[in-house]
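Architecture at a glance
This is what each chain is made of:
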Amino acid sequence: DGYVEVALEILDEDVDRIHDLNELSAYTDENGYFSIENAPDDFQIVSLGGTDVDSGEAIDVLYSPSGSSMVTPLTTLVAEGADFSSTFSNEIDVLTYNPIEALESDPNSQDAAQLVAVGQQVLAVLVSSAEVESTIAGSDFENAFTNSVKSLVSSESGVGVQDLIVLNELDDEG
């Protein structure tokens, strides 16, 4: 939906998705921005908590690989190995392209609208799956969420990221 405010952004150097005492962190502002000085060279960004400023919904966890300028549901999939390099038109880099900013400058941007819609669908699938797993298996939500991400990226579950993009395109046509 939109930017996430008051999320704890952690520069996770050992990529264990746990905030260790030596790892730098900061909270996002009302526009979803954060700044950390003296960042290490290699890390994964882990975003914990926060609220979507457009929908008001709580966000539990998202992550992004090193080199990303934002944290989104799609960067979360990239952190687990998803490759979107030839997925979206104009070869949009999901690690650096800000679709919300693009829609603010051009409300008719189909690329930006598609990226937002797919991101929303991905987040809905991941959260729903994690809620089911954490309820049935009694595991914590963050581990269940990570398992959902891995399952969606591997597509061994029968439904993959490309399927969500096709569904989004069919929804737009129908």
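To be clear, the structure that these remarks concern was listed above.
What this report covers is the structure whose coordinates are included nearby.

With that settled, the discussion passes to the packing of aromatic side chains. This model, assessed by the stated rule, comprises three aromatic pairs. Centre to centre, the rings of Tyr 63 and Phe 145 are 6.4 Å apart; their planes meet at 85°, and the pair counts as edge-to-face. In this pair, Tyr 63 is assigned in strand E6 (residues 61–64) and Phe 145 in helix H4 (residues 141–154), connecting sequence segments 82 residues apart. Residue Phe 145 is classed as buried on the basis of its relative accessible area, which comes to 1%. An aromatic cluster is defined as three or more aromatic residues linked by ring pairs; in this entry it consists of Tyr 63, Phe 141 and Phe 145. Above the plane of the ring of Tyr 63 lies Arg 17, whose end atom (NZ or CZ) is 3.6 Å from the centre.

The topology assignment puts Thr 72 in the loop between E6 and helix H1 (73–79). A polar contact of 3.2 Å, which involves the side chain of Thr 72, links it to the backbone nitrogen of Leu 74. Setting aside chain neighbours within four positions, we find Thr 72 in contact with Leu 62 and Tyr 63.

The next subject is the sheet that holds E6. If you walk across this open sheet you meet the four strands as E3-E2-E4-E6, and the pairing is antiparallel. Two strands in the sheet have a free side with no partner beyond their single neighbour: strand E3 (25–27) and E6. Taken over all neighbouring pairs, the strand axes of this sheet differ in orientation by 20° on average, direction set aside. Direction of pairing for strand E4 (residues 44–48) relative to E6: antiparallel, over a ladder of four bridges. Residue pairing across strands places Ser 47 opposite Leu 62, the latter belonging to E6.

What follows covers H4. For H4, spanning 14 residues, the distance from its first C-alpha to its last is 20 Å, which sits close to the expected 20 Å at 1.5 Å a residue. Of all the positions in H4, only Phe 141, Ala 144, Phe 145, Thr 146, Ser 148, Val 149 and Leu 152 are classed as buried. N-capping of H4 is provided by Asp 140, with a side-chain oxygen placed 3.2 Å from the backbone N of Glu 142.

What follows concerns the environment of Val 122. If you trace the backbone, Val 122 turns up in helix H3 (residues 110–137). The class for Val 122 is buried, based on a relative accessible area of 0%. Val 122 sits 49 residues away from Pro 73 along the chain, and the two C-alpha atoms are 6.3 Å apart.

Counted at 1.5 Å a residue, the expected span for H3 with its 28 residues is 40 Å, and the 40 Å between its end C-alpha atoms agrees. A side-chain oxygen of the first residue of H3 lies 3.2 Å from the backbone nitrogen of Ala 112; this N-cap is Ser 109. In the segment just after H3, Gly 138 is the residue with positive phi, at about 75°.

In this section: the side chain of Ser 109. Secondary-structure assignment places Ser 109 in the loop between helix H2 (99–105) and H3. Once you skip the residues sitting within four places of it in the chain, Ser 109 turns out to touch Tyr 97 and Leu 103.

Reading guide: rules and limits
Residues numbered from 1 in each chain as written. Predicted model: local features only at pLDDT ≥ 70, side-chain atom pairs only at ≥ 80, totals over all residues. Heavy atoms only, no water. Phe/Tyr/Trp six-rings, centres within 6.5 Å; stacked < 30°, edge-to-face > 60°. Helix = DSSP H or I, 4+ residues; strand = E, 2+ residues; numbered from the N terminus. Buried < 20%, exposed > 50% of the residue type's maximum accessible area, 1.4 Å probe, protein only. Lys NZ or Arg CZ within 6 Å of the ring centre and 35° of its normal. Polar contact = N/O pair within 3.5 Å; in protein donor to acceptor, adjacent residues only side chain to side chain. Contact = heavy atoms within 4.5 Å. Pairing = 2+ DSSP bridges. Axes fitted to C-alpha atoms, helices over the stretch in contact; angles between N-to-C directions. Expected span 1.5 Å × (residues − 1).

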